[in-house]
Amino acid sequence: MALKITVIGTGYLGATHAAAMAELGFEVLALDVAKEKIDALRAGRAPMYEPGLEELLRRHVSGIEGSSGRLRVTMDWAEIADFGDVHFVCVNTPQKQGEYACDMSYVESAMDSLAKHLGKAALVVGKSTVPVGSADRLAARLAELAPAGGEVELAWNPEFLREGFAVEDTLHPDRIVVGVRSERAERLLREVYASPIAEGTPFVVADFATAELVKTSANSFLATKISFINAMAEVCEAAGGDVATLAEALGHDERIGRKFLRAGIGFGGGCLPKDIRAFMARAGELGADQALTFLREVDSVNMRRRGHMVDMAREAVGGESFLGKRVAVLGATFKPDSDDVRDSPALNVAGQIHLQGGQVTVYDPKGMDNARLVFPTLGYATSALEAVRGADVVLHLTEWREFRDLDPAELGAVASVRTVLDGRNVLDPARWRDAGWTYRAMGRPNA
Ligand SMILES: NC(=O)C1=CN([C@@H]2O[C@H](COP(=O)(O)OP(=O)(O)OC[C@H]3O[C@@H](n4cnc5c(N)ncnc54)[C@H](O)[C@@H]3O)[C@@H](O)[C@H]2O)C=CC1
Ligand SMILES: O=C(O)[C@H]1O[C@H](OP(=O)(O)OP(=O)(O)OC[C@H]2O[C@@H](n3ccc(=O)[nH]c3=O)[C@H](O)[C@@H]2O)[C@H](O)[C@@H](O)[C@@H]1O
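Criteria and thresholds
Residues numbered from 1 in each chain as written. Chains lettered and ligands numbered in written order. Predicted model: local features only at pLDDT ≥ 70, side-chain atom pairs only at ≥ 80, totals over all residues. Heavy atoms only, no water. Pairing = 2+ DSSP bridges. Helix = DSSP H or I, 4+ residues; strand = E, 2+ residues; numbered from the N terminus. Contact = heavy atoms within 4.5 Å. Axes fitted to C-alpha atoms, helices over the stretch in contact; angles between N-to-C directions. UniProt positions renumbered as here; feature names shortened; annotations may be inferred. Near = heavy atom within 4 Å. Polar contact = N/O pair within 3.5 Å; in protein donor to acceptor, adjacent residues only side chain to side chain. Areas by Shrake-Rupley, 256 points an atom, 1.4 Å probe, with all protein chains shown as cover. Phe/Tyr/Trp six-rings, centres within 6.5 Å; stacked < 30°, edge-to-face > 60°. Buried < 20%, exposed > 50% of the residue type's maximum accessible area, 1.4 Å probe, protein only. Salt bridge = Lys/Arg side-chain N within 4 Å of Asp/Glu carboxyl O.

Chemist: How should the sheet that holds strand 11 (residues 379-380) be read in this particular structure?
Modeler: Each strand in a sheet pairs with its neighbour through backbone hydrogen bonds, running either in the same direction (parallel) or in the opposite one (antiparallel). Strand order in the open sheet formed by six strands is 11-10-9-12-13-14, with parallel pairing between adjacent strands. Two strands close off the open sheet at either side, each with one partner strand: strand 11 and strand 14 (438-441). Contacting strand 9 (326-330), strand 10 (359-363), strand 11 and strand 12 (393-396), helix 14 (residues 345-355) runs over the sheet at an angle of about 160° to strand 10.

In structure tokens:
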């Protein structure tokens, strides 16, 4: 009989995972403690903006006309425990308030709720990003709490999807990593991922600690690559070089590669920043803090880029202060094709300028509702054109396709001053200059 799968936590990771599991042909039951997410999913709506997710949900959510009916949702733990052979735990692991360490309380609470109701053999699979050593501890806790005792087992299967490509990355991952303690756990996970494995996706079997470490080291590597190029941007600014040309030239070396070498206002989101901090905190607990001190630099280079964009904007409006100045901010999300504003560099820059007295107006194609929740005091416009109306400077902070396609002449007709600062290094300087704009980018003093 085909495996039955549950997904606990239906945020960016869980909602996508649940829909993808249904797409792969499994019967899926998903649970969340947030009623609005469950209501949205039940109606076949994605709880967040993620390209392709809503189509997948409508194809599989039970009760939607023409759907396969393979995906159902619930808020009932007993139903979840009774239904699943394999339970994926996809809840959030944010940074602890005022600390670098990871807040494990959501994972612990979800595991406890599930364990108490488990009455039959099951494989519980952690997918959340956790500090190394967590799976070991959670396995002992699970064994203690689960009534079925030895028949309930834990595995760890970190996730590498990127927001904006979540559906594609889940259905066709570049690798699958599983931390397992038995052949049975490995066999069950091979069954779950039979389809990507058949497509040739590498399936890496590891112990718990290594599986956990693959995830945090992957995100640390990506963060380091971005901060490396942003450090080079700082040097280019001092020396009069061009970081975009530098990155292109570096990227031709296959050992370095072209990806993740885009300089600008740096990385944000619900993962990279908090994951490198949690990794440093955990290394400290393990007595290996020296190994990761470089991540402190990675973090501070990254945070400096936000401050540098604020400085560039202040200089553009006269150098002294933002008082009485209108600043248009294009972009609120931490990256394009997402509505996620968690630790968004764009919103951080907008917020800093607002706090320094600037009159900030933000526009983002998908992130407006989330941005308003985080920064209700900023001004919000209904289009890029409206945001730019009367502006003394325009900041391009999230590289949505829509912004690249804007007509600089049309914007120039409504702006008060034609100065654009490109925080993502993707606008075409010639197009803007031809329309009478002063164009400046980060790390490209002569661009
Ligand atoms: N967002 C992403 O692109 C990726 C996230 N991850 C990791 O996946 C985990 C989840 O991240 P996101 O989906 O972004 O977070 P999220 O905040 O979007 O979703 C988490 C969901 O878990 C639910 N939840 C919290 N406590 C619960 C409980 N006790 N029982 C049931 N549900 C509960 C929340 O209501 C929320 O809907 C994190 O550890 C993150 O680091 C890993 C790879 C990619
Ligand atoms: O653990 C996670 O949650 C995920 O974190 C990242 O994915 P994501 O946060 O969706 O976004 P990325 O594409 O990695 O971008 C992160 C940030 O870096 C910035 N970035 C990216 C690339 C670049 O060259 N320069 C740059 O500033 C982006 O603008 C964005 O703010 C990883 O890429 C995923 O593999 C991982 O699963």
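Let us keep going from here.
Chemist: Even after reading the chapter, I still don't get the UniProt feature "binding site: substrate" (unreviewed entry) in the protein chain, so can you show me in this structure?
Modeler: Mapped onto the present numbering, the UniProt feature "binding site: substrate" (unreviewed entry) falls on F160, L161, R162, E163, K215, F260, L261, R262, A263, G264, G268 and K335. Spatial dispersion of the annotated residues is evident: they stretch over 176 residues in sequence, and the largest pairwise C-alpha distance comes to 24.6 Å. Here F160 lies in the loop between strand 6 (152-156) and helix 7 (166-171). Setting aside residues up to four positions removed in sequence, F160 forms contacts with R175, V177, V214, K215 and A218. Mapped onto the fold, F260 is located in the loop between helix 11 (243-251) and helix 12 (272-285). Excluding its chain neighbours within four sequence positions, the residues that come into contact with F260 are L222, K225 and I226.

Chemist: How should I be thinking about the site of ligand 2 in this particular structure?
Modeler: Lining the immediate environment of ligand 2, one finds 21 residues, of which L161, E163, K215, C271 and F334 sit closest. A distance of 2.8 Å is found between an oxygen atom of ligand 2 and a side-chain nitrogen or oxygen belonging to N219. Between F334 and ligand 2, the recorded distance is 2.8 Å, taken from a backbone N or O atom to an oxygen atom. Protein contacts shield 92% of the accessible area of ligand 2, which totals 700 Å² for the unbound molecule.

Chemist: I tried to follow the packing of aromatic side chains on my own but got confused; where do I start?
Modeler: Each aromatic ring pair is described using two quantities: the centre-to-centre distance and the angle formed by the ring planes. What the rule picks out here adds up to three aromatic pairs. Look at F88 and Y193: their rings are 6.4 Å apart centre to centre, the planes differ by 65°, and that puts the pair in the edge-to-face class. Residue F88 is located in strand 4 (residues 86-89), and its partner Y193 is located in the loop between helix 8 (183-192) and helix 9 (194-198); the two are separated by 105 residues in the primary sequence. Overall, the relative accessible area of 0% leaves F88 in the buried class.

Chemist: I would appreciate a short explanation of the site of ligand 1 in the present structure.
Modeler: Contacts to ligand 1 come from 27 residues, most closely from L13, D32, K37, T93 and K274. Between ligand 1 and L13 there is a distance of 2.8 Å, counted from an oxygen atom to a backbone nitrogen or oxygen. At 2.9 Å from a nitrogen atom of ligand 1 is found a side-chain nitrogen or oxygen belonging to E163. Computed on the free molecule, ligand 1 has an accessible area of 830 Å², of which 92% lies beneath the protein chains in the complex.

Chemist: Whenever I open this one, the UniProt feature "domain: UDP-glucose/GDP-mannose dehydrogenase C-terminal" (unreviewed entry) in the protein chain confuses me. Can you help?
Modeler: Taking the numbering used here, the UniProt-annotated feature "domain: UDP-glucose/GDP-mannose dehydrogenase C-terminal" (unreviewed entry) corresponds to residues 328-429. Strand forms 18% of residues 328-429 and helix 34%; the C-alpha atoms that close the span are 18 Å apart.

Chemist: Before we go on, may I ask you to explain the pattern of salt bridges in this structure?
Modeler: For side chains of opposite charge, pairing can occur when their charged atoms come near one another. With the rule as written, the count across this model stands at 29 salt bridges. The closest approach of N and O atoms between R190 and E186, which form a salt bridge, is 2.9 Å. With R190 and E186 both in helix 8, this residue pair falls four residues apart, about one helical turn. Salt-bridge contacts for R314 lead to D311; the nearest nitrogen and oxygen are separated by 3.2 Å. Of this pair, R314 and D311 both sit in helix 13 (residues 293-316), three residues apart, which is roughly one turn of the helix. D311 sits in the partly exposed class, given a relative accessible area of 38%. Here the salt bridges share partners, and the residues they tie into one network are E163, D340 and R342.

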